[in-house]
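Okay, here's what each chain looks like letter by letter:
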Amino acid sequence: MLRFLVQRAIGMVVTMFFVSIMVFVIMELPPGDYADRYAFRKFSGTGVSVTETDIEGIRKQFGLDRPAWERYLTWIGGIVTRFDFGPSFAFETSANAVIGQRAGLTVVLLVGTLLLTYLLSIPIGIYAALRRQSLADYGLTVVSYLGLAIPNFMLALILLYVSVRYFGSTIGGLFSPEFEQAPWSWAKFVDLLKHLFVPAVVLAWSATALQLQTVRATMSDELNKLYVDAARARGLPEWKVIIKYPARLAINPVVSTVGFDANRIFSELPIVALVMSLPELGELLIKSFLDLDMYVAGAILLMLTAIIVFMNFVSDVVLALLDPRIKLEGG
Amino acid sequence: MVESGRERAAGPVATGAHGEEALRYYTASQWQLVWWRLRRHRAAMVGASILLLFAFLGLFADFVAPYGGTTRDREYIYGPPQIPRFWDDKGFSFRPFVYALKTERDPVTLRKIARIDTDRRRYIYFFVEGEPYRLFGLIPARTRLFGVEEGKIHLFGTDDLGRDLFSRLMYATGVSLSIGVLGVLLAAGLALVIGGIAGYFGGWIDYGIQRLTEIVRVVPVIPLYMGLAAAFPREWSNIQVYFAMTVILGLVGWPTLARRLRGHLLAQRNEDYVLAARLSGAGSAWIIRKHMLPSFTSYIIVDVVISFPYVILSETALSFIGLGLRPPTISWGILLQDAQNVRAIEQAPWLFLPALFVIVAVLAFTVLGDGLRDAADPYAVKKS
Amino acid sequence: MAAGDALLLEIRDLGVSFTTDDGMVRAVDGISLVARRGCTLGIVGESGSGKSVATKAVMRLLPANARLDEGSRILLHREEGEIDIAALPARSRELRRLRGGDIGMIFQEPMASFSPVYTVGNQMIEAILEHRDHLERRLGERFDRRSAREHAIRMLERVGMSNPRLRIDQYPHELSGGMRQRAMIAVALSTHPSLLIADEPTTALDVTIQAQILDLMLELQQELGMAMLFITHDMGVIARIAEEMAVMYLGRIVERGPTREIIREPAHPYTRGLLAALPRLDTARRRLTPVPGDIPSPLQRPAGCPFHTRCPRHMPGLCDRILPQDTDLGSGRSVACHLFGEAAS
């Protein structure tokens, strides 16, 4: 087991190394460099004329005159050793400060969405497999088709509209106005949960639709396996047969795709956050890409990917624990 | 029901009472079989019809749309959809009509507002002369599918600048679908080439390419698109942005496709029939061309169709947040930018009609993909 | 198989139909069978003859689209009295007590009949604990978790597993095919059933292991005094294990009687065909004669005798019109064939 863990952990680090290179390339992609944009931002409209030497100075100040690999090493070195993601010129502070609380909120939203997805898709998928070709099953199929087809920002807008129209309150943002400035309390926490619930539903929508189909398909396959009949032939009660045997195996593909789900959720997060005005990483990512605030964008991209890679690791480990056929020693 | 599923599936056909049909069945080519099975898949056929209709609307957008994409109707800003009618209090008419507008001043704000004038009808005529355009950007033409004699008609209403939403939606359909097609084709091409290289050389090249696809796949897709799209220089022309978008969609799309293709390839390679062909002395090239590719093309097509919705949704999402195509290019995502907040829905719910097109297109691609997958499965003899 | 042997299982007019997309499929068409205590009844037939469906019906393991005929009776004669399995509600406690309690079952694929994610012991102990009351009556011992484990280990030892204390905590994929089938037998017998249904238990195994498993089953049968219902398509296996046999074709029993008599002198043309298709060591160079043609689809059952489409002695005008009834041949044998009928014309 230890060897398995170490092996997977090394794999995780290697993947992150390559991802960091890719993120760095993306950061370098936009035309012009950091100094140009910094100078433009700082001095445009102030009437101060900026000369090439000024920009050269800024370039030196940020070490932009050095070759790319050196800059990469400084950047990644800062992250690894000091957890320092570099400056944010748009906010004139460090990327860390800009990201700050948003990271925690993003993780809370991710975990909440995943929990909601699995709590819905696993039992419903199993039920649909047991009642195949019933009206309920067809209904669920239609719903999950819609789940894949309705863009989530659309769903977010509809829910916002409903809440404004019929409940007279907006569910956008993180807190109701009365809690905005209030110190932390139980009531404020409940208010936060209320506001997080709707984005979680929106984000879980398509993931649930997808997982529902997976669970249903696996469960249908497993139900036809001989070992189910064998368990019945041993005289077990039907519910025990279902839960202990096919249902137990039907969650394996769900576990193996936790990382994929996280990827999907992070993919949808920015747009949903934009529509629902949630102060989390995805929304900041859009802003920083639009402003070409590349250190912040790079930091967010790196963080989101790191979370996904970690989720993959967790899913590998859990799967190995769930399924004895997976050899713990093998690569 | 009795012993094994495959035996059962073959049974009735093998002993089929309808000899002629059985003969037709056995002599049919693979594509005929796929087509027959697909034709029986009602949902897939509906999906295909819708997509054909969309493709027609997009291709002939200039002809179908009554006005140009940026033409403004200052009389009718934020105007609701005008629904064609056949009768009203004044009686029945074979020629559909909409009501004319009259301009009044709001008694309080003194702003000019458009009111529906139910006293005056505007009849709809087909194949009318309208604004000049160039069909496919080449052939100069003036004929539009429909229009009204005086004033204007806005089937889907207008936006904040008084631009006709129906017309804009037609242009957007062409742009969004074409970008989807180009993006998917590029992704499929890349997947085939890279997957082919990996499969052909095997060994460490295969290993390296697999690691690479894994790394691309682990980064969240839309943020990755955003990162690449952010690099477009502001001064790029719309055409440049358009092609850059397809390149990005292709670049990010290929690893998923390549992975699936590689999976199919490996599975096929281990099938008994390949071994059998090899044992009878067939060469590798022969086996690949004669045995593996035919069983493989259907998978490729299915995969390509299934990946369409993702590409279309990605384009929509990117343009929606302002990192994809840019106005004055019109795409579904660009149109939806107008519907970004709750106020828009309250004031002008018709601005959401583009979303309906997105949903219908994605659904159509999904059911068509599902139908194709079922139809292409050679063992699904009896499943319709 | 003396006439005095006590009845254990009595199947009367069992009919099973399946509703499929292509219409009704009649898989079992009114069969009657009798199994006696301590004896083995073999059922032979090709794939699609309905033999598996018939035995699954005894355990009520048929899928949801299957339907038993109104008049079907599956009577189990127990010490407490007889019970009609066909009439039990699908989820009743009585049915569960029978499954794995009075009736044990082993399946064709030893790999597929264990869940891969639990140990062999887990799946054994679960069955023992489920049938605590039944075992208390049988053995006079009430099992708890620990003693159930001991009982399971004893059973594994009894079916010839080496090192049962280790094996019990292993997963199915860690055992060989023969070992798995032994484990499966141990599971089925751990509750001391009075009837064991074996659905082609040796088909998926190597020939040498097949022989071992057959010997083991015969040995255990004698030791535990149980009856066996043994399904196979292999005449050789039947000859070895069953005192009495029934030959099934397209959902009907075409011939039945003491195994030895039937093999020495088969009456029905189909039984003859099956025996002629069997390789024999004593006449090494003779060509094997397969039964010509394929079994017809149960969707399109031939009229008259189901076998007439392939029968070498088919009598036009009779066999393709009239369904032959059972004809008593004496000494417990009967055959359903017009060749033996009292001129059904």
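It should be emphasised that the depicted structure is a prediction, and the values quoted were computed from it without experimental measurement.

Definitions and cut-offs
Residues numbered from 1 in each chain as written. Chains lettered and ligands numbered in written order. Predicted model: local features only at pLDDT ≥ 70, side-chain atom pairs only at ≥ 80, totals over all residues. Heavy atoms only, no water. Helix = DSSP H or I, 4+ residues; strand = E, 2+ residues; numbered from the N terminus. Buried < 20%, exposed > 50% of the residue type's maximum accessible area, 1.4 Å probe, protein only. Contact = heavy atoms within 4.5 Å. Areas by Shrake-Rupley, 256 points an atom, 1.4 Å probe, with all protein chains shown as cover. Expected span 1.5 Å × (residues − 1). Arc of directions from axis to C-beta. Salt bridge = Lys/Arg side-chain N within 4 Å of Asp/Glu carboxyl O. Core = buried A, V, L, I, M, F, W, Y, C linked by side-chain atoms within 4.5 Å. Domains from an automatic or database assignment. Buried area = accessible area lost by both parts, 1.4 Å probe. Nonpolar A, V, L, I, M, F, W, Y, C, P; charged D, E, K, R; others polar. Polar contact = N/O pair within 3.5 Å; in protein donor to acceptor, adjacent residues only side chain to side chain. Phe/Tyr/Trp six-rings, centres within 6.5 Å; stacked < 30°, edge-to-face > 60°. Axes fitted to C-alpha atoms, helices over the stretch in contact; angles between N-to-C directions. Parallel < 35°, antiparallel > 145°, perpendicular 65-115°, else oblique. Left-handed = near helix turned anticlockwise from the far one by under 90°.

1. Comments concerning the overall build of chain B
Secondary structure summary: chain B contains 14 helices and four strands in total. Counting across all 384 residues of chain B, residues that qualify as buried make up 47%. Across chain B, every contact between residues at least 6 apart in sequence was considered, and the portion connecting residues at least 24 apart equals 66%. When the accessible area of chain B is evaluated, it comes to approximately 19800 Å², of which 62% is carbon and sulfur surface.

2. Regarding helix 4 (residues 68–82) of chain A
Residues and elements named next belong to chain A. A rise of 1.5 Å per residue sets the reference length of helix 4, with its 15 residues, at 21 Å; its end C-alpha atoms lie 21 Å apart and thus fit the reference within 8%. Listing the buried residues of helix 4 in full gives R71, Y72, W75, I76, G78 and I79. Projected down its long axis, helix 4 carries its buried residues within an arc of 145°, all on one side. Opposite its buried face, helix 4 presents the exposed residues W69, V80, T81 and R82, each directed more than 90 degrees away. Tucked inside the fold, the buried residues of helix 4 contact helix 1 (2–28) and helix 15 (294–322). Where helix 4 ends, the next residue or the one after it, F83, has phi of about 55°, a positive value.

3. Digging into the pattern of salt bridges
Working definition: two side chains of opposite charge can pair if their charged atoms are close together. Residues and elements named next belong to chain C. Counting across every chain of the model gives 28 salt bridges over all chains. When the shortest N-O distance is used, the salt bridge between D29 and R301 registers 3.5 Å. Of this pair, D29 sits in strand 2 (residues 23–36) while R301 sits in the loop between helix 11 (269–276) and strand 12 (327–330), and the two are 272 residues apart along the sequence. By relative accessible area, R301 is classed as partly exposed at 26%.

4. Here we look at the nonpolar core
Formed by 171 residues in total, the largest nonpolar core has its most connected members in A:W75, A:M276, A:F289, B:M226 and B:W332. If you tally residues by element for this core, the top one is helix 6 (residues 165–201) of chain B, at 15 residues. Domain assignment of the residues forming this core places at least three in each of domain 2 (82–153) and domain 3 (169–383) of chain B. Beyond its immediate stretch of four places on either side in the chain, B:M226 contacts A:P270, A:L285, A:I286, A:F289, B:L318, B:I321 and B:L323. Judged by nonpolar contacts, the second largest core, of 99 residues, contains C:A57, C:L98, C:L175 and C:M248.

5. So, the domain arrangement of chain C
Residue and element names in this part refer to chain C. Partitioning chain C into structural domains gives domain 1 (1–102 + 193–290) and domain 2 (117–191). On the domain 2 side, the residues contacting the 21 residues of domain 1 number 14 residues. Taking both sides of the interface into account, the surface hidden between domain 1 and domain 2 amounts to around 1500 Å²; carbon and sulfur atoms contribute 59%. Broken down residue by residue, the surface that domain 1 buries against domain 2 is led by P193, L216 and L220, which jointly contribute 27%. Ionic pairing is found between R158 and E223, a salt bridge with its closest N-O pair at 2.6 Å. Looking at which element gives the most residues to the side of domain 1 that touches domain 2, the answer is helix 8 (residues 207–224), with eight residues. Split by residue class, the side of domain 1 that touches domain 2 holds eleven nonpolar, four polar and six charged.

6. Section: the interface of chain A and chain B
Each partner contributes residues to the interface: chain A has 40 residues there, and chain B has 41 residues. For the pair chain A and chain B, the two sides together bury roughly 3500 Å², of which 81% comes from carbon and sulfur. In this assembly, chain A and chain B are joined by zero salt bridges. The tally of links between chain A and chain B comes to five residue pairs in polar contact (both at pLDDT 80 or more).

7. Notes on the packing of aromatic side chains
Residues and elements named next belong to chain A. One pass over the structure, following the stated rule, counts 15 aromatic pairs over all chains. Seen in terms of ring centroids, Y227 and Y245 are 6.1 Å apart; in terms of plane orientation they differ by 50°. Their pairing is tilted. Of this pair, Y227 sits in helix 9 (residues 226–233) while Y245 sits in the loop between helix 10 (238–244) and helix 11 (246–250), and the two are 18 residues apart along the sequence. Each member of the pair, Y227 as well as Y245, carries the same accessibility label: buried. Every member of this aromatic cluster is reached through a ring pair, and the members are F24, Y72 and W75.

8. Some points on unusual backbone geometry
Positive phi values are uncommon outside glycine, yet C:H192 reaches one of about 50°. Structurally, C:H192 can be placed in the loop between helix 7 (177–189) and strand 8 (195–199).

9. Things to note about the environment of B:G322
Residue placement: B:G322 occurs in the loop between helix 11 (284–320) and helix 12 (332–337). Along the backbone, B:G322 and B:A230 are 92 residues apart, and their C-alpha atoms lie at a distance of 9.7 Å. If we ignore the near neighbours within four places in the chain, the residues touching B:G322 are A:L290 and B:Q337.

10. A word on the packing of helix 7 of chain C against helix 8 of chain C
Residues and elements named next belong to chain C. At their nearest, the axes of helix 7 and helix 8 sit 10 Å apart, and the two run at 15° to each other. Classified by the angle their axes make, helix 7 and helix 8 are roughly parallel. Between helix 7 and helix 8 lies a crossing whose hand is right-handed. Of the residues in helix 8, those in contact with G178, Q181, R182, I185 and L189 of helix 7 are I209, Q212, I213, L216, M217, L220 and L224. When grouped by side-chain class, the residues that make up the contact of helix 7 with helix 8 number eight nonpolar, three polar and one charged.

11. Structural notes on the side chain of A:N263
Locating A:N263 in the fold gives a position in helix 13 (residues 258–276). Engagement of the side chain of A:N263 in a polar contact is seen with the backbone oxygen of B:V218, the distance being 3.3 Å. Ignoring any residue separated from it by four or fewer positions in sequence, one finds A:N263 in contact with A:I308, B:R217, B:V218, B:V219, B:P220 and B:V221.

12. Focus on the interface of chain A and chain C
Contact residues are listed per partner, giving 20 residues for chain A and 28 residues for chain C. Considering only the surface of chain A that becomes buried against chain C, A:L226, A:R234 and A:P324 emerge as the three largest contributors, covering 29% of it. Counting across the interface, chain A meets chain C through three salt bridges. Linking A:R234 and C:E126 is a salt bridge whose minimum nitrogen-to-oxygen distance equals 3.1 Å. Joining chain A to chain C, the criterion identifies eleven residue pairs in polar contact (both at pLDDT 80 or more).

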